There are 2 protein chains.
Amino acid sequence: MRNLEKIEYQPISVREIVLEMKNLSELMIDLAYSAALFNDKELAEDVIELEKRIDRLALLLEIHIMVAARNPDDAEDLLAVSRIGSAADKISDAAADIAAIVVHNISVHPIVTEIFENVEERLIRAKVTKDSLIIEKRIRELDLAAKMGVDILAIGRNKDWIINPEDYEVIKEGDILIVRGSSLGTKRFKEITEKGQNSGVK
Amino acid sequence: MRNLEKIEYQPISVREIVLEMKNLSELMIDLAYSAALFNDKELAEDVIELEKRIDRLALLLEIHIMVAARNPDDAEDLLAVSRIGSAADKISDAAADIAAIVVHNISVHPIVTEIFENVEERLIRAKVTKDSLIIEKRIRELDLAAKMGVDILAIGRNKDWIINPEDYEVIKEGDILIVRGSSLGTKRFKEITEKGQNSGVK
């Protein structure tokens, strides 16, 4: 995954930027709702961090579109791309709005937190400790879907985010894993990911 | 599913409204991106129709919140609910923006339509014809996930939408099915759903 901390012209295609904005905006919506429903501040903070990333991508997209448009026909074609980028940005703003409710502790409890008690799937975040059972393993090896019905949606690593990580990705110490699954599955996943915290030194 | 065509006070809980707004807004984002990426006008029109439904739900939510708030403490608690409703509305607006690009035929082709050529999953819509192989069957019986790796996300019926239909739901003639799956799976699903169109009278 490319590091987009600096906003400067980089050899990344318009296609890649839009694809990443799409994936990020979808992830943020899921994360934001989960954060609100389970009153999960950490998840909410991740959403707000991802929002900054979308903002950078939006700016980068505009720069790329300007560079790519060489004549009025190009410009017209690229207008649709620009509008999709804007929509992704707007989606992420809404996700950040939801996250802000959670972070600023606007009393969410009485109704909101029980709204989704029957929702089967939820998103959680888990941090990989140095004693974690899954450290240095490839996602493929973990076979998470079959073993506990969970799916890794994103990995936060070194202030960067890998969205929809590939099967060959290796889990590292300190990774923040965003995982979707059943209540039971995500609980078990959190246990094996953060094992060191409960089981003491190996 | 409740018919929300008329905006009037109905005995539906705030909880149900927010849950439906969440599910609808998530569905709309998926639909809108799929519509843009595959230049699918029908899918885009569904998004715009769903946007009207979200607008009605948003209004209904505000009415319910006003009725529910009996004192300042209630009102404060309900503020967070109201803000989540607003965010869902904003998300749906963004989805409608994307859909409008497709409907109004703003030349989407050169870059956008090839953006997601490697995307494994896509959403399609299929209309159940009178000769369809799946007519009058329960979703459970179809065993779609196992048989063709697809999943029914929504059913449009009599100008109403059933989001995340239950397994016991029966497929009717004229239903609009919104389905997620692989390129191959969705193609096969469309064939069995619209079979009558190609195979003539039964």
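Analysis parameters
- Residues numbered from 1 in each chain as written.
- Chains lettered and ligands numbered in written order.
- Predicted model: local features only at pLDDT ≥ 70, side-chain atom pairs only at ≥ 80, totals over all residues.
- Heavy atoms only, no water.
- Helix = DSSP H or I, 4+ residues; strand = E, 2+ residues; numbered from the N terminus.
- Buried < 20%, exposed > 50% of the residue type's maximum accessible area, 1.4 Å probe, protein only.
- Polar contact = N/O pair within 3.5 Å; in protein donor to acceptor, adjacent residues only side chain to side chain.
- Contact = heavy atoms within 4.5 Å.
- Salt bridge = Lys/Arg side-chain N within 4 Å of Asp/Glu carboxyl O.
- Pairing = 2+ DSSP bridges.
- Expected span 1.5 Å × (residues − 1).
- Axes fitted to C-alpha atoms, helices over the stretch in contact; angles between N-to-C directions.
- Parallel < 35°, antiparallel > 145°, perpendicular 65-115°, else oblique.
- Nonpolar A, V, L, I, M, F, W, Y, C, P; charged D, E, K, R; others polar.
- Domains from an automatic or database assignment.
- Buried area = accessible area lost by both parts, 1.4 Å probe.

### Some words on the side chain of B:Ser82
Residues and elements named next belong to chain B. Note on placement: serine 82 falls in helix H3 (residues 72-103). A relative accessible area of 14% means that serine 82 is categorised as buried. Within the local environment of serine 82, its side chain forms a polar contact with the side chain of glutamate 62, the two groups lying 3.3 Å apart. Sequence-distant contacts of serine 82, defined by excluding residues within four places in its chain, comprise Glu62 and Ile65.

### Quick notes on the pattern of salt bridges
Residue and element names in this part refer to chain A. Considering all chains together, one arrives at 24 salt bridges over all chains under this definition. The closest approach of N and O atoms between arginine 53 and glutamate 20, which form a salt bridge, is 2.5 Å. Remark: glutamate 20 occurs in helix H1 (residues 14-37) and arginine 53 occurs in helix H2 (residues 41-68); sequence separation between them is 33 residues. On the basis of relative accessibility, which here comes to 5%, the residue glutamate 20 falls in the buried class. Where salt bridges share partners, they join Glu20, Arg53 and Asp160 into one cluster.

### A closer look at the environment of A:Asp73
All names here are of chain A. Summarising the element assignment, aspartate 73 is placed in helix H3 (residues 72-103). Residue aspartate 73 is classed as exposed on the basis of its relative accessible area of 55%. When the C-alpha atoms of aspartate 73 and glycine 149 are compared, they prove to be 48 Å apart, with 76 residues separating the residues in sequence.

### As for the pairing of strand E4 (residues 176-182) of chain B
Residues and elements named next belong to chain B. Along E4, five of the seven residues are buried, which leaves the element largely enclosed by surrounding structure. Sheet analysis places strand E2 (residues 150-157) next to E4, joined by six bridges and oriented antiparallel. Across the sheet, residue aspartate 151 finds its bridge partner in E4, namely arginine 180.

### Digging into H1(A)
Between its terminal C-alpha atoms H1(A) stretches 35 Å, which fits the 34 Å expected from 24 residues at 1.5 Å a residue. Trailing H1(A) by a residue or two, A:Asn39 shows a phi angle of about 45°, which is positive.

### Examining the sheet that holds strand E4 (residues 176-182) of chain A
Residue and element names in this part refer to chain A. Read from one edge to the other, the open sheet built from four strands follows the order E1-E4-E2-E3, with strand pairing classed as antiparallel. Here the strands that pair on one side only, and so sit at the sheet edges, are strand E1 (121-127) and strand E3 (160-163). Neighbour-to-neighbour, the strand axes of this sheet turn through a mean angle of 25°, independent of strand direction. Taken strand by strand, H1 contacts E1, strand E2 (150-157), E3 and E4, and its axis lies near 95° from that of E1. Against the sheet, helix H7 (residues 183-193) makes contact with E1, E2 and E4, and its axis sits at roughly 150° relative to E4, the strand it touches most.

### Describing the packing of H1(A) against helix H1 (residues 14-37) of chain B
Orientation of H1(A) relative to H1(B), taken along the N-to-C sense of each, is 175°, at an axis distance of 11 Å. By the angle class used here, H1(A) and H1(B) are roughly antiparallel. Of H1(B), the residues touching H1(A) (which contributes A:Met21, A:Lys22, A:Ser25, A:Glu26, A:Ile29, A:Asp30, A:Tyr33 and A:Leu37) are B:Met21, B:Lys22, B:Ser25, B:Glu26, B:Ile29, B:Asp30, B:Tyr33 and B:Leu37. Per-class residue counts for the contact of H1(A) with H1(B) are eight nonpolar, two polar and six charged.

### Observations regarding the domain arrangement of chain A
All names here are of chain A. The domain architecture assigned to chain A consists of domain 1 (14-111) and domain 2 (120-199). For domain 1 versus domain 2, the distance between C-alpha centres works out to 23 Å. If you look at the interface, domain 1 gives 13 residues, while domain 2 gives 14 residues. Summing the contributions of domain 1 and of domain 2, the shared interface buries around 1300 Å²; its carbon and sulfur component is 58%. Between the two partners, domain 1 and domain 2, sit four salt bridges. Taking the shortest distance from any N to any O, the salt bridge between glutamate 42 and arginine 125 comes out at 3.8 Å. Where domain 1 packs against domain 2, one counts five residue pairs in polar contact (both at pLDDT 80 or more). Listing elements by their share of the side of domain 1 that touches domain 2, those giving two or more residues are H1 and H2.

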